[in-house]
Amino acid sequence: MEKRLNTAELKQCIKSFLNEHKEASLATCGNNIPRCSPVQYFTGNEMDIYVMSCGGDKFNNIQDNPNVCLLVNTEYLDYKK
């Protein structure tokens with residue numbers, strides 16, 4: 001049976017995962033129209049994530065609707081991983 005992580009351990013695992021990657025897909029929605037944009041990101045202190053971009057509709061969408069999804073891109077191994 002796997003050990004459950006406490007909050008500090010989980011945060012450290014998430015930070016390590018985010019720092020191992022730099023590319024993601026950012027999904028937003030504006031005017032009921034979904035949009036998914038490839039982005040590069042970097043992490044700051046705590047759990048801050050900064051998206052590098054020249055601007056665009058994704059940021060307008062975030063201002064109007066802050067509910068977003070960030071899918072961190074990883075290497076595909078197989079459907080089980």
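Remember, predicted model here, so these are calculated numbers, not experimental data.

Caption draft 1: Structural view of the side chain of Asn61. Note that Asn61 resides in helix H2 (residues 57–64). Classification of Asn61 by relative accessible area gives buried; the value is 11%. The residues touching Asn61, leaving out its near neighbours within four places in the chain, are Thr28, Cys29, Gly30 and Arg35.

Caption draft 2: Structural context of unusual backbone geometry. The phi angle at Asn32 is positive, at roughly 60°, despite the residue not being glycine. On the accessibility criterion, Asn32 (76% relative accessible area) is exposed. Although it is not a glycine, Glu46 sits at a positive phi angle of roughly 55°. Relative to the helices and strands, Glu46 resides in the loop between strand E2 (33–43) and strand E3 (49–52).

Caption draft 3: Inspection of the sheet that holds strand E1 (residues 23–30) at higher detail. Strand order in this open sheet of four strands is E3-E2-E1-E4, and the pairing throughout is antiparallel. Of all strands in the sheet, those bounded by a partner on one side alone are E3 and strand E4 (69–72). Shown here is a sheet whose adjacent strand axes are inclined to one another by a mean of 40°, direction ignored. Bridge count for E1 against E2 is eight bridges, and the pairing is antiparallel. Opposite Ser25, over in E2, you have Pro38 as the bridge partner. Taken strand by strand, helix H1 (residues 7–20) contacts E2, E3 and E4, and its axis lies near 95° from that of E2. Against the sheet, H2 touches E1, E2 and E3, its axis set at about 55° to E1.

Rules behind the numbers
- Residues numbered from 1 in each chain as written.
- Predicted model: local features only at pLDDT ≥ 70, side-chain atom pairs only at ≥ 80, totals over all residues.
- Heavy atoms only, no water.
- Helix = DSSP H or I, 4+ residues; strand = E, 2+ residues; numbered from the N terminus.
- Buried < 20%, exposed > 50% of the residue type's maximum accessible area, 1.4 Å probe, protein only.
- Contact = heavy atoms within 4.5 Å.
- Pairing = 2+ DSSP bridges.
- Axes fitted to C-alpha atoms, helices over the stretch in contact; angles between N-to-C directions.

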